Structure formats: structure tokens, C-alpha cells
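Listed here are the chains, written in short residue letters.
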Amino acid sequence: MQIRLDKYLADMGIGTRSQVKQYIRKKQVFVNGNFPKGPEQKVGEEDIISFQGKEISYQKYEYYLFYKPQGCVSAVTDQHHKTVLDYFPENRRKGLFPVGRLDIDTEGFLLITNDGGLAHNLLAPGKHVPKTYFAKVSGRVTEEEVQKFAKGVDIGEKGLTLPAKLNLLSVEEELSQVELTITEGKFHQVKRMFQAVGKEVLYLKRISMGGLGLDESLMPGEYRAITEEELQKITKQWMMET
Ligand code: URA
């Protein structure tokens, strides 16, 4: 597939269409070692393009590990709230969407991509991709509740939830800190599982999904591209299930 050089550069997040035209004019862009004829020059996958001395390679799909902050919604557009895409530069947002949802008051690991196939596989109920949450929960979470979660609890859906692994990190009279791993993604699932045992989730953070953890170096609202190795790791998760 051949596309205009200015579109290629803009798609790669180098700048807006008008910015990249300027870069081309200022001779900061090379195509196969030569100055391009102009922004309209057609380029394709076989071409080697460089910008300011660095080679860039065209990727159809983009994958970002995003640290969702509280207060934004896991959507592409919203009339009332900030969305997760508002944390990405405008020229990067095209086609991107979050893989699944975290509640507005939940923070943590969220994959952002333009790869519908990956999203479908990660979210498909049959794939059982594990998601681990750190939670602060009202009251004393007990060993009995650990056993209950392991067997599945009734959250008002058909049947029980799938077995979930509950780890008690600290337990006090007023507040418990726990880690919970679930392999499905029912609406408000973690909050409803604790409700089912008479407890309330006061704080919720997703710390991993599909074997990938939240990057400690990211602050809430920051993102980074995921590496090839990480992509393979997450892809393996559902290949094992099929
Ligand atoms: N479970 C919840 O209750 N909320 C989330 O945001 C994610 C899982």
C-alpha cells in the first residue's frame, strides 16, 4: 500500500500534516537516502524513511500501555467527562480505543490500541485472560472469603463468578488491602464480588492484564508504547486458550 509521505509521517505521530510538510520542506526527512520530491510523494512499506537522522518504520497497529488515572472514562468520546484518549496528543488519537473498561474511579493498567483483533481476543469471555487488581476494601476480609472467591460468588448473574484468586495483603478491623485476580470481565465485577460478601471497595487499581504489569515508571495519565516482547507475551495468553 502506498500513501502520501505527509500522511505517513503524521500517522507515525511525527507531527500534524502541516508540521510534517514543514519538516519535509526543511529537508529533515529522507526517503531511501534522498530528499523527497514533496509531501505528496507516495511511500510504502518497502521504503526507508528517516526523520532528523533517525529511521522510522511504519506500523499499522499501535499498542500503548496507559496508566489510567481516576476521573476519566474508558471511552473514545464523552459529553461530560475526560476520556482516556484526551491523554494522547490529538495527532495520535485516530483509530485508537481502550481495550475494555475501567470505572471512572478505577485507575491503573489499560491497553490502548487500534488493533480490533487483539482487543477482541483479550476481551472474549472464552479466553479467560487474567486481570489482577489491588483493592482497599472496607472491613476485615477473611480466609473464608478467600475460599468463597476461589469457588465463585453470586453477583446476581446467571451462575457464579469464575474462580478468582484473592490474596490478603493486610487485614485490619476497618480496612483490608488485597489483590484479586479474575479471568472474566463482568460489569463492575470486583466491586460486585465484594458487595456479595457485604464489603465495599473503597479504592481500585488494575495492576496487570494478560501477564503484563503496570509500568512502575509511569505516572497516572502517562503512557508508553508496548515492546514487541510484551506484545508477544500478551498474545500468548489467548493462544494458550484456543
Ligand atoms: N471491577 C470493577 O468493579 N471496576 C473496574 O473498574 C474493574 C473491575
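Preceding this paragraph is the structure being described.
Residues numbered from 1 in each chain as written. Predicted model: local features only at pLDDT ≥ 70, side-chain atom pairs only at ≥ 80, totals over all residues. Heavy atoms only, no water.

### Quick notes on helix α3 (residues 116–123)
By the burial criterion, the buried members of α3 are Leu-118, Ala-119, Asn-121 and Leu-122. End-on, the buried residues of α3 take up no more than an arc of 165 degrees, which puts them together on one face. Put simply, Asp-115 is the residue that caps the front of α3, since its side-chain oxygen is 3.1 Å from the backbone nitrogen of Gly-117. (Buried < 20%, exposed > 50% of the residue type's maximum accessible area, 1.4 Å probe, protein only. Helix = DSSP H or I, 4+ residues; strand = E, 2+ residues; numbered from the N terminus. Arc of directions from axis to C-beta. Polar contact = N/O pair within 3.5 Å; in protein donor to acceptor, adjacent residues only side chain to side chain.)

### Overview of the site of the ligand
Close to the ligand lie Leu-102, Asp-103, Thr-106, Tyr-133, His-188, Gln-189, Val-190, Lys-191 and Leu-204. Take Thr-106: an N or O atom from its side chain is 2.8 Å from an oxygen atom of the ligand. Lys-191 has a polar backbone atom sitting 3.1 Å from an oxygen atom of the ligand. In the complex, 95% of the free accessible area of the ligand, which totals 240 Å², lies under the protein chains. If you map the ligand onto the pockets, it falls in the largest pocket. The greatest single-element share of the shell around the ligand, amounting to 3 residues, is contributed by helix α5 (residues 189–196). (Near = heavy atom within 4 Å. Areas by Shrake-Rupley, 256 points an atom, 1.4 Å probe, with all protein chains shown as cover. 1 Å grid on protein atoms, 1.4 Å probe; cavity = no way out; pocket = protein on both sides within 12 Å on 5 of 7 lines; lining within 4 Å. Sits in = over half its atoms within 2 Å of the grid points.)

### Overview of the packing of aromatic side chains
Counting across every chain of the model gives 10 aromatic pairs. Seen from their ring centres, Phe-88 and Tyr-223 are 4.0 Å apart, and the 15 degrees between their planes marks the pair as stacked. In this pair, Phe-88 is assigned in the loop between β8 (82–83) and β9 (97–98) and Tyr-223 in strand β16 (residues 223–225), connecting sequence segments 135 residues apart. Classification of Tyr-223 by relative accessible area gives partly exposed; the value is 23%. (Phe/Tyr/Trp six-rings, centres within 6.5 Å; stacked < 30°, edge-to-face > 60°.)

### Some remarks on the pairing of strand β14 (residues 201–209)
The element β14 is largely enclosed, with a buried count of 7 among its 9 residues. The pairing of strand β10 (residues 106–113) with β14 spans 3 bridges and is classified as parallel. Note on β14: the bridge partner recorded for Gly-108 is Arg-206. Relative to β14, strand β11 (residues 131–138) is paired through 7 bridges, and the arrangement is antiparallel. Looking at the pairing, Ala-135 lines up with Leu-204 of β14. One ladder, built from 2 bridges, connects β14 with strand β15 (residues 212–213); its direction is antiparallel. Bridge pairing in β15 places Met-209 opposite Leu-212. (Pairing = 2+ DSSP bridges.)

### Details of the nonpolar core
Among the nonpolar cores identified, the biggest contains 29 residues, and Ile-112, Phe-149, Leu-166, Leu-180, Val-190, Met-193 and Phe-194 are the most heavily contacted of them. Secondary-structure elements contributing two or more residues to this core are β6 (63–68), β10, β11, α4 (143–151), β13 (175–182), α5 and β14. Aside from chain neighbours lying at most four places away, what touches Met-193 is Phe-149, Val-153, Ile-155, Thr-161, Ala-164, Leu-180 and Ile-182. (Core = buried A, V, L, I, M, F, W, Y, C linked by side-chain atoms within 4.5 Å. Contact = heavy atoms within 4.5 Å.)

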